[in-house]
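Now for the letters of each chain:
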Amino acid sequence: MHFAPISILSAIALPMMAMAAAEQATSGPSMATGPVTMADFLTSCQTPGQISLTYSEGPSEATMEMLQTLKEAQARVTFFTNATWLQYMQYAGVTRHAYLDGHLIGMTYRLPSDNSAGLTDTDIKEDIGRASRTIQDLIGVYPRYMKIHESNLKDSRLLNLCKSMGYTLVGFNMDEYDYKYNSAASSSQIAEVYNAMFSKQMDAYGRKASYVVAGYDVPTTGAAVALPKVINTINAHGYDMVRLDGCTNERTPYKKDPILNNGFVGDDRSFGAKEYRHGQVNVKTIAYNPSNSHGNNAGAAPMPDGSANKNVAPSHGGTAKVSMGSKMESAVAVVFAIVPAIVYAWL
Ligand SMILES: *[C@@H]1O[C@H](CO)[C@@H](O)[C@H](O)[C@H]1NC(C)=O
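Definitions and limits used
- Residues numbered from 1 in each chain as written.
- Predicted model: local features only at pLDDT ≥ 70, side-chain atom pairs only at ≥ 80, totals over all residues.
- Heavy atoms only, no water.
- Phe/Tyr/Trp six-rings, centres within 6.5 Å; stacked < 30°, edge-to-face > 60°.
- Lys NZ or Arg CZ within 6 Å of the ring centre and 35° of its normal.
- Buried < 20%, exposed > 50% of the residue type's maximum accessible area, 1.4 Å probe, protein only.
- Helix = DSSP H or I, 4+ residues; strand = E, 2+ residues; numbered from the N terminus.
- Pairing = 2+ DSSP bridges.
- Right-handed = clockwise from strand over helix to strand, strands pointing away.
- Contact = heavy atoms within 4.5 Å.
- Polar contact = N/O pair within 3.5 Å; in protein donor to acceptor, adjacent residues only side chain to side chain.

Enquirer: Is there a simple way to think about the packing of aromatic side chains in this case?
Expert: For any pair of aromatic rings, the description consists of the separation of the ring centres together with the inter-plane angle of the planes. Under the criterion given, the structure shown has twelve aromatic pairs. Here the aromatic residues Tyr194, Phe198, Tyr211 and Tyr239 are joined through ring pairs into a cluster of three or more. Here the guanidinium or amino end of Lys208 rests over the ring plane of Tyr239, the centre of that ring lying 5.9 Å away. Over the face of the ring belonging to Tyr99 we find Arg269, whose NZ or CZ atom lies 5.0 Å from the ring centre.

Enquirer: Where do I start with the pairing of strand β2 (residues 78-81) in this structure?
Expert: Side-chain positions along a regular strand alternate between the two faces of the sheet. Burial along β2 is two-sided: the face carrying Thr78 and Phe80 and the face carrying Phe79 and Thr81 are both buried. Relative to β2, strand β1 (residues 50-56) is paired through three bridges, and the arrangement is parallel. From the neighbouring strand, Ser56 faces β2, where its bridge partner is Phe80. In this region the chain leaves β1, passes through helix α2 (residues 61-73) and returns to the parallel neighbour β2; the handedness of that crossover is right-handed. Strand direction decides the pairing type here: β2 and strand β3 (residues 104-109), joined by four bridges, are parallel. Residue pairing across strands places Thr81 opposite Met107, the latter belonging to β3. Between the parallel pair β2 and β3, the chain is carried across by helix α3 (residues 89-100), and the sense of this crossover is right-handed.

Enquirer: What is the right way to look at the environment of Ser52 in this model?
Expert: Inspection of the secondary structure puts Ser52 in strand β1. What makes Ser52 buried here is its relative accessible area of 0%. Remark: the alpha-carbon pair of Ser52 and Val242, spanning 190 residues in sequence, is separated by 5.1 Å. Residue contacts for Ser52: discarding those within four places in its chain leaves Cys45, Tyr211, Val212, Val213, Val242, Arg243, Leu244 and Cys247. A distance of 2.7 Å separates a polar atom in the side chain of Ser52 from the backbone oxygen of Val242.

This is the structure:
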């Protein structure tokens, strides 16, 4: 039976991956060809002391609030855009705003029906291409950094296809737990997650690590409310906020083509270019009113299906539930998706 060793390794591999990432000064994603392995997922930065905040599942109302906070902090993050929401003018505006404010735009991807079985490689590539083109229509460049939805992380065929298309698969070595601390009262715990992580690292190793943080920019999480405190905590510990291109020293964080693997491009805001920025300053905590602006109709929001009036967006609160439900298994899923190939070789 190969299952027992695989599941034991799966249970320990993610913490190990996070520890290894925290310990190593340079552990960017592997550029090697061949099937996807754990090393293909970007989980830490090139330079100790850097921290890359990444947010998935937006744009949403939460993203708008976060952009204000980030502007005040003069800080840059990475947003993995869900192209489905861009059919609504309001959310398309948010993503464009994020891009123009100097944030890095990546993309999320999720298979139709969460299953690649009935799809050809071409079908999948075209589907990814459609999402990417929707983003490019808005910001002028095709995303390179990709976050695969939790429920698809076991699909090695999808992962291999994305890699072969030139996408950089992004994981994380720190979870800010914004889906757990999602009430106004509990959201202050999110900054405490950062505080504890930085302190433990310093106690254990006497030096800074680097972090790729997973967050969700939707109103049903505490991400937006927590952000001012999070930034001030990062500042207090002397970490440097960077976009994922700054984290990887990558000057070309966008693709030339949504489907073909034929090269990459940078823009004025990319790492090394004249408008590239990193770092942050303290923010005065902005008073939010969660009952008015956060997820008050969470779960009741209709999903965009193309039939809605595209100028009137539904309040975007329902999607986070999906990630919350599958979050615990997602840690395992990351490992299941990439470990078996390695484990198999050991057995
Ligand atoms: C994008 O959002 C839609 C609507 O909530 C959802 O059905 C879809 O799975 C999401 N896509 C990704 C890549 O997360």
